[in-house]
Amino acid sequence: MDSTNPNVPEKTEKKHLGLVPRLIIGIVLGILIGQYAPEFLSQTVVTVSNFVSLLIKFVIPLMILAFVTMGIADISQGAGKLLLFTVVLAYGSTLIAGTASYVVSSTLFPSFISAEDIKTIADTAEKTLDPFFTLNLPPLLDTISAVVFAFILGLSISTMRGKEIGNALYTGMSEFAKIIEKVLSKVIIPLLPLYICGTFVNMTYSGQTFTILGILWKVFLVVILMHWIYLLIQFSVAGSITKRNPLTMIKNQIPGYLTAVGTQSSAATIPVNLQCAESNGVSREIRNFVVPLCANIHMCGSMITIVACATAVCLMHSLPISITTVVPFILTLGIAMVASPGAPGGSIMTALPFLYLIFGMPAGDPQGPICALMVALYITQDSFGTACNVSGDNAIAAIVDKYNDEAILHKVAAK
């Protein structure tokens, strides 16, 4: 059949509802079910949500093993000094972003997270719904074992690349990582709205929801403002080093920022981000090296959001939090988020097993209600965190390009 025939209707691609709208629907349904539905229906939703949380807890160590191993194996190859310089910049930026986020959040959030709100949450905490029944689904590895094993395996693979066994291990882990990414993108992430729905059913049933929702918009506003201010600082530093106008660099970055907001994926934004780097005058070899690398290792926006949400959750639940608990969390998460999955919500999924460093136990249980609230807080504005991540990548690319010109190419030419 001739597809050019104007009388033949063209096939149109099905439009899928994005994750954020689905999460919002899950939150709204959770509130409505918890507020108006019979207790039996509410408890049914909580039971199904509990199954999802068990599945998440089972997959988390496998995800850490797959992605951290491949992240180390990949970034341990490359252009020597440029690789080390880029990794140090990306990791340092992520640490600074997280620390600054805690300072700002711990200063501002107490002013609109009142003692009355905290008391209301505490008074209603005991009135919760338990699932009808649960399953025993222990993870194959605990999270610490997964991290240690991933580092050992990743470093071993990187040193054996080029040898038959090293190449075989690399190929095998690469395929394993693809399987885990498929599980995350096709199973875990699509089930997150149901997971969040069950959480809000329980929160609404207990009376916590409206108190918590009443302060969320202020948290989100502060987080997004922190993203923008941090990007302004990053491009100001890059502009001063490269002798370029930072406002022009930010203007050139707008297509990449908007693409990341729409896709919620650092990986999906790489082609557009390469064009932004070209507009900012970054050389071809450096932008092709730095932009894909930083899409996996530079997580400043995600770190800002995670630390801010964790601070808010601690205040809401009267959990102690201080710089001495936040810094180890930031240091650990900055490494663990290397090569976190490109699917929406990948960073918070990576952060879940380490939240106990801030919340303590049992509050920091990845399948517990507090961690579920963290997922809800984070993922509803994940697109802005991703946009901050990828935009900051090009500030780093400009600095690396300058370093390459002056510290490497200039030195080689002088010989």
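All of these numbers come straight from a predicted model, not from anything done at the bench. (Residues numbered from 1 in each chain as written. Predicted model: local features only at pLDDT ≥ 70, side-chain atom pairs only at ≥ 80, totals over all residues. Heavy atoms only, no water.)

**Observations regarding the overall build of the protein**
Here is step 1 of the chain: The secondary structure content of the protein amounts to 16 helices and 0 strands.
Here is step 2 of the chain: Counting only contacts in the protein whose residues sit at least 6 apart along the sequence, the fraction spanning at least 24 positions is 85%.
Here is step 3 of the chain: Summed over its atoms, the accessible surface of the protein is roughly 18800 Å², and 67% of this surface lies on carbon and sulfur atoms. (Helix = DSSP H or I, 4+ residues; strand = E, 2+ residues; numbered from the N terminus. Contact = heavy atoms within 4.5 Å. Areas by Shrake-Rupley, 256 points an atom, 1.4 Å probe, with all protein chains shown as cover.)

**Overview of the environment of glycine 360**
Here is step 1 of the chain: Checked against the element boundaries, glycine 360 lands in the loop between helix H14 (356-359) and helix H15 (369-379).
Here is step 2 of the chain: Note: C-alpha distance between glycine 360 and leucine 319 (41 residues apart in sequence) is 8.6 Å.

**Thoughts on the packing of helix H3 (residues 81-112) against helix H12 (residues 323-336)**
Here is step 1 of the chain: Their axes nearest at 10 Å, the elements H3 and H12 cross at an angle of 150 degrees. Taken as axis vectors, H3 and H12 run roughly antiparallel relative to one another. The hand of the H3/H12 crossing is right-handed. Together, Tyr91, Thr94, Leu95, Gly98, Thr99 and Tyr102 of H3 and Ile323, Val326, Ile330, Leu331, Gly334 and Ile335 of H12 make up the contact between the two elements.
Here is step 2 of the chain: Classifying every residue of the contact of H3 with H12 by side-chain character gives 8 nonpolar, 4 polar and no charged. (Axes fitted to C-alpha atoms, helices over the stretch in contact; angles between N-to-C directions. Parallel < 35°, antiparallel > 145°, perpendicular 65-115°, else oblique. Left-handed = near helix turned anticlockwise from the far one by under 90°. Nonpolar A, V, L, I, M, F, W, Y, C, P; charged D, E, K, R; others polar.)

**Considering the nonpolar core**
Here is step 1 of the chain: Grouped together as the largest cluster of nonpolar side chains are 113 residues, with contacts concentrated most on Ile56, Leu192, Ile306, Phe329, Met349, Phe359 and Met374.
Here is step 2 of the chain: Top element by residues in this core is helix H2 (residues 39-75). It accounts for 14 residues.
Here is step 3 of the chain: In this structure, Val46, Leu129, Cys197 and Val201 belong to the second largest nonpolar core, which totals 6 residues. (Core = buried A, V, L, I, M, F, W, Y, C linked by side-chain atoms within 4.5 Å. Buried < 20%, exposed > 50% of the residue type's maximum accessible area, 1.4 Å probe, protein only.)

**Quick look at the environment of methionine 173**
Here is step 1 of the chain: Counting through the fold element by element, methionine 173 comes out in helix H6 (residues 164-206).
Here is step 2 of the chain: Residue classification places methionine 173 among the buried positions, given a relative accessible area of 11%.
Here is step 3 of the chain: Residues methionine 173 and leucine 65, spaced 108 residues apart in sequence, show a C-alpha to C-alpha distance of 9.2 Å.
Here is step 4 of the chain: Filtering out sequence-adjacent residues up to four positions away, methionine 173 remains in contact with Leu65, Ala66, Thr69, Met70, Leu153 and Ile157.

**Some words on H15**
Here is step 1 of the chain: For H15, a buried count of 10 out of 11 residues is recorded, marking the element as mostly surrounded by other parts of the structure.
Here is step 2 of the chain: Taken together, the buried positions of H15 are Ile370, Cys371, Ala372, Leu373, Met374, Val375, Ala376, Leu377, Tyr378 and Ile379.

**Observations regarding the packing of H3 against helix H11 (residues 300-316)**
Here is step 1 of the chain: Between H3 and H11, the least distance of the axes is 8 Å, while the angle of their chain directions is 30 degrees. Taken together, H3 and H11 sit at an angle that is classed as roughly parallel. The interaxial crossing formed by H3 with H11 has right-handed handedness. Taking contact as the criterion, the partners of Ser93, Thr94, Ala97, Gly98, Ser101, Tyr102, Ser105, Ser106, Phe109 and Pro110 in H3 are, on H11, Cys300, Met303, Ile304, Val307, Ala308, Thr311, Ala312 and Leu315.
Here is step 2 of the chain: Taken together, the residues that form the contact of H3 with H11 break down as 11 nonpolar, 7 polar and no charged.

**Things to note about the environment of alanine 168**
Here is step 1 of the chain: As for its position among the elements, alanine 168 is in helix H6.
Here is step 2 of the chain: In this structure the C-alpha to C-alpha distance between alanine 168 and isoleucine 157, which are 11 residues apart in sequence, comes to 9.2 Å.

**Notes on unusual backbone geometry**
Here is step 1 of the chain: For lysine 243, which is not a glycine, the phi torsion comes out positive at approximately 60 degrees.
Here is step 2 of the chain: Its location among the elements puts lysine 243 in the loop between helix H7 (209-242) and helix H8 (246-263).
Here is step 3 of the chain: Residue classification places lysine 243 among the exposed residues on the basis of a relative accessible area of 69%.

**Some remarks on the pattern of salt bridges**
Here is step 1 of the chain: Taken as a whole, this structure holds 1 salt bridge when the rule is applied.
Here is step 2 of the chain: Residue lysine 178 pairs with glutamate 175 through a salt bridge whose shortest N-O separation is 3.5 Å. Placement of the pair is lysine 178 and glutamate 175 together in helix H6, with a separation of 3 residues, close to one helical turn. (Salt bridge = Lys/Arg side-chain N within 4 Å of Asp/Glu carboxyl O.)

**Comments concerning the packing of aromatic side chains**
Here is step 1 of the chain: Inspection of the entire model under this criterion finds 3 aromatic pairs.
Here is step 2 of the chain: Aromatic side chains phenylalanine 40 and phenylalanine 132 sit 5.4 Å apart centroid to centroid with 45 degrees between the ring planes, which places their arrangement in the tilted category. One end of the pair, phenylalanine 40, is in helix H2; the other, phenylalanine 132, is in the loop between helix H4 (115-124) and helix H5 (143-160), and 92 residues separate them in sequence.
Here is step 3 of the chain: Residue class for phenylalanine 132 comes out partly exposed when judged on its relative accessible area of 40%.
Here is step 4 of the chain: Between phenylalanine 85 and tyrosine 403, the ring centres sit 4.0 Å apart and the planes meet at 15 degrees, which makes this aromatic pair stacked. Taken together, the residues span a long stretch of sequence, with phenylalanine 85 in helix H3 and tyrosine 403 in helix H16 (residues 382-414) at a distance of 318 residues.
Here is step 5 of the chain: Phenylalanine 85 gets classed as partly exposed once you look at its relative accessible area, which sits at 24%. (Phe/Tyr/Trp six-rings, centres within 6.5 Å; stacked < 30°, edge-to-face > 60°.)

**A word on the confidence of the model for the protein**
Here is step 1 of the chain: Considering every residue of the protein, the mean pLDDT works out to 79; 81% of them sit at 70 or more.
Here is step 2 of the chain: Looking over the protein, one finds the lowest element-wise mean pLDDT in H4, namely 60, and the highest in H3, namely 88. (pLDDT = per-residue confidence, 0-100.)

**What about a nonpolar patch on the surface?**
Here is step 1 of the chain: On the surface, a nonpolar cluster with roughly 780 Å² of combined accessible area is contributed by Trp217, Leu221, Leu225, Trp228, Ile229, Ile233, Val237 and Ile241.
Here is step 2 of the chain: Structurally, leucine 225 can be placed in helix H7.
Here is step 3 of the chain: On the basis of relative accessibility, which here comes to 40%, the residue leucine 225 falls in the partly exposed class. (Patch = residues over 30% accessible without salt bridge, like charges linked within 9 Å, V, L, I, M, F, W, Y side chains within 5 Å.)

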